[in-house]
Amino acid sequence: ETVPDKNGKQSYQMAPTAASQMTDEQLKKKIGSEKFEGGFTNKSVKLSSDLMKDLGLTREQAAGLVGNLAHESAGININIEEKGANKHGTKGYGLAQWTDNPPGRGRRTQLANFAKESGLEINSYEAQYKFLVKELQTTESRALSLLRNAKTTEEAAAAAVAFERPQGYNSKNQNYVDAARNALGWKDRLRYANKSYEAAGDIGNAGLPANATPQQIAEYRNKLIEQEENQRVEQLAASTLTKLPAN
(Lines give C-alpha, C1' and ligand atoms only; values in the text may rest on other atoms or scores of the structure.)
Protein backbone atom coordinates (compact mmCIF):
# COMPACT_ATOMS: atom_id res chain seq x y z
CA GLU A 1 0.00 0.00 0.00
CA THR A 2 1.13 3.61 -0.52
CA VAL A 3 1.33 6.23 2.21
CA PRO A 4 2.73 9.80 2.14
CA ASP A 5 6.05 10.35 3.91
CA LYS A 6 6.84 13.41 6.09
CA ASN A 7 7.61 15.49 2.98
CA GLY A 8 4.31 14.65 1.37
CA LYS A 9 5.89 12.36 -1.19
CA GLN A 10 4.58 8.92 -1.94
CA SER A 11 6.33 6.03 -0.18
CA TYR A 12 5.50 2.38 0.37
CA GLN A 13 4.67 0.48 3.50
CA MET A 14 4.13 -3.26 3.44
CA ALA A 15 1.01 -4.77 4.95
CA PRO A 16 1.56 -7.63 7.44
CA THR A 17 2.54 -10.88 5.75
CA ALA A 18 0.26 -13.91 5.88
CA ALA A 19 2.85 -15.95 7.77
CA SER A 20 3.20 -13.29 10.48
CA GLN A 21 -0.51 -13.61 11.29
CA MET A 22 -0.70 -17.42 11.30
CA THR A 23 -0.84 -19.39 14.55
CA ASP A 24 1.63 -22.18 15.28
CA GLU A 25 -1.01 -24.80 14.47
CA GLN A 26 -1.83 -23.12 11.17
CA LEU A 27 1.86 -23.14 10.26
CA LYS A 28 2.07 -26.86 10.98
CA LYS A 29 -0.96 -27.55 8.79
CA LYS A 30 0.70 -25.63 5.97
CA ILE A 31 3.50 -28.20 5.85
CA GLY A 32 3.19 -30.79 3.12
CA SER A 33 0.56 -28.88 1.18
CA GLU A 34 2.70 -28.78 -1.96
CA LYS A 35 1.68 -31.09 -4.80
CA PHE A 36 3.59 -34.24 -5.66
CA GLU A 37 4.77 -33.28 -9.13
CA GLY A 38 7.74 -32.07 -11.12
CA GLY A 39 11.28 -33.38 -10.87
CA PHE A 40 13.26 -35.10 -8.15
CA THR A 41 13.70 -32.03 -5.95
CA ASN A 42 10.00 -31.14 -5.73
CA LYS A 43 8.93 -34.74 -5.18
CA SER A 44 11.65 -35.31 -2.59
CA VAL A 45 10.69 -32.19 -0.61
CA LYS A 46 7.00 -33.14 -0.71
CA LEU A 47 7.69 -36.70 0.43
CA SER A 48 10.14 -35.60 3.13
CA SER A 49 7.72 -32.97 4.41
CA ASP A 50 4.88 -35.48 4.68
CA LEU A 51 7.07 -38.03 6.48
CA MET A 52 8.30 -35.41 8.94
CA LYS A 53 4.75 -34.23 9.61
CA ASP A 54 3.02 -37.61 9.84
CA LEU A 55 5.72 -39.76 11.45
CA GLY A 56 7.67 -37.13 13.39
CA LEU A 57 10.89 -37.89 11.50
CA THR A 58 13.84 -35.54 11.41
CA ARG A 59 15.22 -34.18 8.16
CA GLU A 60 17.99 -36.81 8.23
CA GLN A 61 15.59 -39.67 8.93
CA ALA A 62 13.18 -38.64 6.19
CA ALA A 63 16.06 -38.30 3.73
CA GLY A 64 17.24 -41.83 4.51
CA LEU A 65 13.85 -43.30 3.67
CA VAL A 66 13.36 -41.11 0.60
CA GLY A 67 16.81 -42.15 -0.62
CA ASN A 68 15.79 -45.82 -0.57
CA LEU A 69 12.49 -45.11 -2.28
CA ALA A 70 14.28 -43.06 -4.93
CA HIS A 71 16.68 -45.92 -5.64
CA GLU A 72 13.85 -48.42 -5.89
CA SER A 73 11.70 -46.23 -8.16
CA ALA A 74 14.47 -44.78 -10.36
CA GLY A 75 14.29 -41.27 -8.92
CA ILE A 76 10.89 -41.17 -7.16
CA ASN A 77 8.48 -42.41 -9.80
CA ILE A 78 5.10 -43.79 -8.77
CA ASN A 79 3.84 -45.66 -11.79
CA ILE A 80 6.97 -47.71 -12.44
CA GLU A 81 7.24 -51.49 -12.69
CA GLU A 82 10.32 -53.65 -12.46
CA LYS A 83 11.55 -54.65 -15.92
CA GLY A 84 12.37 -58.27 -15.17
CA ALA A 85 10.44 -60.74 -13.06
CA ASN A 86 12.03 -62.29 -9.98
CA LYS A 87 12.37 -66.00 -9.28
CA HIS A 88 8.70 -66.13 -8.28
CA GLY A 89 7.61 -64.62 -11.59
CA THR A 90 6.50 -61.34 -10.02
CA LYS A 91 7.63 -57.74 -10.49
CA GLY A 92 8.06 -54.84 -8.10
CA TYR A 93 5.80 -51.81 -8.47
CA GLY A 94 5.64 -48.23 -7.31
CA LEU A 95 7.66 -46.07 -4.94
CA ALA A 96 8.91 -48.96 -2.82
CA GLN A 97 8.77 -51.55 -5.61
CA TRP A 98 6.27 -53.59 -3.61
CA THR A 99 6.49 -57.21 -4.76
CA ASP A 100 4.37 -60.34 -4.40
CA ASN A 101 6.03 -63.48 -3.14
CA PRO A 102 4.44 -65.76 -4.41
CA PRO A 103 2.10 -64.27 -7.08
CA GLY A 104 -1.13 -62.89 -5.64
CA ARG A 105 0.18 -63.03 -2.09
CA GLY A 106 2.43 -60.26 -0.92
CA ARG A 107 2.97 -56.55 -0.52
CA ARG A 108 2.02 -55.59 -4.08
CA THR A 109 -1.37 -57.29 -3.73
CA GLN A 110 -1.78 -55.68 -0.31
CA LEU A 111 -1.08 -52.27 -1.89
CA ALA A 112 -3.67 -52.94 -4.60
CA ASN A 113 -6.27 -54.01 -2.03
CA PHE A 114 -5.52 -51.02 0.17
CA ALA A 115 -5.91 -48.60 -2.75
CA LYS A 116 -9.22 -50.20 -3.79
CA GLU A 117 -10.62 -50.17 -0.26
CA SER A 118 -9.56 -46.53 0.13
CA GLY A 119 -11.18 -45.50 -3.13
CA LEU A 120 -7.82 -44.49 -4.59
CA GLU A 121 -5.93 -45.36 -7.77
CA ILE A 122 -2.96 -47.65 -7.18
CA ASN A 123 -0.78 -45.34 -9.26
CA SER A 124 -1.57 -42.26 -7.15
CA TYR A 125 0.71 -40.63 -4.62
CA GLU A 126 -2.05 -40.67 -2.01
CA ALA A 127 -2.52 -44.45 -2.22
CA GLN A 128 1.16 -45.33 -2.16
CA TYR A 129 2.11 -42.80 0.51
CA LYS A 130 -0.72 -43.85 2.83
CA PHE A 131 0.13 -47.52 2.33
CA LEU A 132 3.79 -46.76 3.05
CA VAL A 133 2.85 -45.09 6.34
CA LYS A 134 0.50 -47.93 7.21
CA GLU A 135 3.24 -50.52 6.71
CA LEU A 136 5.72 -48.53 8.78
CA GLN A 137 3.23 -48.29 11.63
CA THR A 138 2.27 -51.98 11.52
CA THR A 139 4.04 -54.79 9.68
CA GLU A 140 7.25 -52.77 9.12
CA SER A 141 7.42 -51.17 12.57
CA ARG A 142 10.98 -52.48 13.11
CA ALA A 143 12.20 -50.34 10.22
CA LEU A 144 10.38 -47.31 11.63
CA SER A 145 11.96 -47.90 15.03
CA LEU A 146 15.43 -48.04 13.46
CA LEU A 147 14.66 -44.89 11.50
CA ARG A 148 13.59 -42.94 14.56
CA ASN A 149 16.82 -43.86 16.33
CA ALA A 150 19.04 -42.83 13.41
CA LYS A 151 21.12 -39.71 14.00
CA THR A 152 22.70 -39.21 10.57
CA THR A 153 21.53 -39.48 6.97
CA GLU A 154 23.70 -42.58 6.48
CA GLU A 155 22.24 -44.29 9.56
CA ALA A 156 18.74 -43.43 8.35
CA ALA A 157 19.45 -44.77 4.87
CA ALA A 158 20.72 -47.99 6.45
CA ALA A 159 17.63 -48.21 8.66
CA ALA A 160 15.35 -47.83 5.64
CA VAL A 161 17.10 -50.76 3.94
CA ALA A 162 15.40 -52.87 6.63
CA PHE A 163 12.10 -51.76 5.08
CA GLU A 164 13.13 -52.75 1.54
CA ARG A 165 15.25 -55.84 2.39
CA PRO A 166 16.98 -56.07 -1.01
CA GLN A 167 19.30 -58.81 -2.21
CA GLY A 168 22.38 -59.11 -0.02
CA TYR A 169 20.70 -57.72 3.09
CA ASN A 170 21.03 -59.92 6.16
CA SER A 171 18.23 -59.14 8.63
CA LYS A 172 19.94 -61.33 11.26
CA ASN A 173 22.93 -59.00 11.43
CA GLN A 174 22.46 -57.00 14.62
CA ASN A 175 24.51 -54.14 13.19
CA TYR A 176 21.95 -52.80 10.75
CA VAL A 177 24.39 -50.32 9.18
CA ASP A 178 26.83 -53.11 8.26
CA ALA A 179 23.94 -55.18 7.00
CA ALA A 180 22.81 -52.32 4.76
CA ARG A 181 26.27 -51.78 3.31
CA ASN A 182 26.17 -55.32 1.93
CA ALA A 183 22.75 -54.80 0.34
CA LEU A 184 22.21 -54.40 -3.40
CA GLY A 185 22.43 -50.75 -4.46
CA TRP A 186 23.70 -49.41 -1.13
CA LYS A 187 25.89 -46.68 -2.64
CA ASP A 188 23.03 -45.47 -4.82
CA ARG A 189 20.61 -45.51 -1.87
CA LEU A 190 23.01 -43.38 0.15
CA ARG A 191 23.63 -41.07 -2.80
CA TYR A 192 19.90 -40.44 -3.17
CA ALA A 193 19.55 -39.96 0.60
CA ASN A 194 22.20 -37.25 0.60
CA LYS A 195 20.60 -35.70 -2.47
CA SER A 196 17.22 -35.68 -0.72
CA TYR A 197 18.74 -34.10 2.38
CA GLU A 198 20.23 -31.32 0.27
CA ALA A 199 16.98 -30.88 -1.67
CA ALA A 200 15.17 -30.19 1.59
CA GLY A 201 17.47 -27.22 2.11
CA ASP A 202 16.78 -25.46 5.38
CA ILE A 203 13.73 -25.78 7.54
CA GLY A 204 11.91 -23.21 5.40
CA ASN A 205 11.86 -25.66 2.50
CA ALA A 206 11.37 -29.05 4.11
CA GLY A 207 8.88 -27.91 6.72
CA LEU A 208 8.47 -28.95 10.34
CA PRO A 209 8.38 -32.30 12.09
CA ALA A 210 5.24 -33.09 14.06
CA ASN A 211 7.12 -32.51 17.32
CA ALA A 212 8.65 -29.19 16.22
CA THR A 213 10.10 -27.03 18.98
CA PRO A 214 9.03 -23.40 19.49
CA GLN A 215 12.42 -22.34 18.07
CA GLN A 216 11.89 -24.41 14.91
CA ILE A 217 8.42 -22.95 14.46
CA ALA A 218 9.79 -19.41 14.87
CA GLU A 219 12.56 -20.10 12.33
CA TYR A 220 10.04 -21.45 9.85
CA ARG A 221 7.72 -18.46 10.34
CA ASN A 222 10.61 -16.02 9.78
CA LYS A 223 11.61 -17.90 6.63
CA LEU A 224 8.10 -17.62 5.19
CA ILE A 225 7.89 -13.92 6.12
CA GLU A 226 11.22 -13.26 4.41
CA GLN A 227 10.12 -15.10 1.26
CA GLU A 228 6.81 -13.21 1.12
CA GLU A 229 8.45 -9.81 1.67
CA ASN A 230 11.04 -10.50 -1.05
CA GLN A 231 8.27 -11.41 -3.48
CA ARG A 232 6.42 -8.18 -2.68
CA VAL A 233 9.55 -6.07 -3.21
CA GLU A 234 10.19 -7.73 -6.58
CA GLN A 235 6.57 -7.16 -7.65
CA LEU A 236 6.68 -3.55 -6.51
CA ALA A 237 9.95 -2.89 -8.34
CA ALA A 238 8.56 -4.43 -11.52
CA SER A 239 5.38 -2.32 -11.35
CA THR A 240 7.25 0.99 -10.89
CA LEU A 241 9.85 0.57 -13.62
CA THR A 242 9.67 3.23 -16.33
CA LYS A 243 9.88 1.90 -19.85
CA LEU A 244 12.65 3.46 -21.90
CA PRO A 245 11.57 5.07 -25.18
CA ALA A 246 12.41 3.10 -28.31
CA ASN A 247 15.35 4.43 -30.34
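Check the entry above for the structure.
Sequence positions are assigned chain by chain, starting from 1 and proceeding in written order. Given that this is a predicted model, residues contribute local features only at a pLDDT of at least 70 and side-chain atom pairs are listed and counted only at 80 or more, while totals for whole chains, interfaces and linings are drawn from all residues. Values shown for side chains rest on all heavy atoms present in the structure; no hydrogens or waters enter the calculation.

Attention now goes to the packing of aromatic side chains. Here the distance between the centres and the angle between the planes together describe a pair of aromatic rings. Here is the rule: rings of Phe, Tyr and Trp (six-membered ring for Trp) pair when centre to centre is within 6.5 Å. Planes less than 30 degrees apart are stacked, more than 60 are edge-to-face, and the remainder are tilted. Tallying each qualifying case throughout the model produces 4 aromatic pairs. Relative to Phe131, the ring of Phe114 has its centre 5.6 Å away and its plane inclined at 50 degrees; by these criteria the two rings are tilted. With Phe114 in helix α4 (residues 107–117) and Phe131 in helix α5 (residues 125–137), this pair connects stretches of sequence that are 17 residues apart. When sorted by exposure, Phe114 lands in the same class as Phe131, which is buried. By way of ring pairs, the aromatic residues Trp98, Phe114 and Phe131 are connected into one cluster. A ring is scored as having a charge over it whenever the NZ atom of a lysine or the CZ atom of an arginine sits within 6 Å of its centre and within 35 degrees of its normal. Between the NZ or CZ atom of Arg191 and the centre of the ring of Tyr192, over which it lies, the distance is 4.5 Å. We count a stretch as a helix when DSSP gives it H or I for four or more residues in a row; a strand needs E for two or more, and each element gets its number in order from the N terminus. In this scheme, a residue with accessible area under 20% of its type's maximum is buried, one over 50% is exposed, and one in between is partly exposed, where area comes from a 1.4 Å probe on protein chains only.

What follows is about the packing of helix α6 (residues 141–149) against helix α7 (residues 153–164). For the pair α6 and α7, the least separation of the axes is 8 Å and the interaxial angle reads 180 degrees. The pairing of α6 with α7 is recorded here as roughly antiparallel in orientation. Where α6 abuts α7, its residues Arg142, Ala143, Leu146, Leu147 and Asn149 lie against Glu155, Ala156, Ala159, Ala162 and Phe163. Helix axes are fitted to C-alpha atoms over the stretch in contact, other axes to C-alpha atoms as well, and angles between N-to-C directions run from 0 to 180 degrees. Small angles under 35 degrees read as roughly parallel and large ones over 145 as roughly antiparallel, with 65 to 115 read as roughly perpendicular and the rest as oblique. Between two residues, a contact is recorded if the distance between any of their heavy atoms is within 4.5 Å.

Criterion for a salt bridge: a side-chain nitrogen of Lys or Arg within 4 Å of a carboxyl oxygen of Asp or Glu. On inspection of all chains with the given rule, the structure shows 10 salt bridges. The salt bridge partner of Asp54 is Lys53, with a shortest N-O separation of 3.3 Å. Where Arg191 meets Asp188, a salt bridge forms, and the shortest distance between an N and an O atom there is 2.8 Å. One end of the pair is Arg191 and the other is Asp188, both in helix α9 (residues 186–200) and 3 residues apart, which spans about a single turn. On the accessibility criterion, Arg191 (41% relative accessible area) is partly exposed. Judged by relative accessible area, Asp188 falls into the partly exposed class, the value being 25%.

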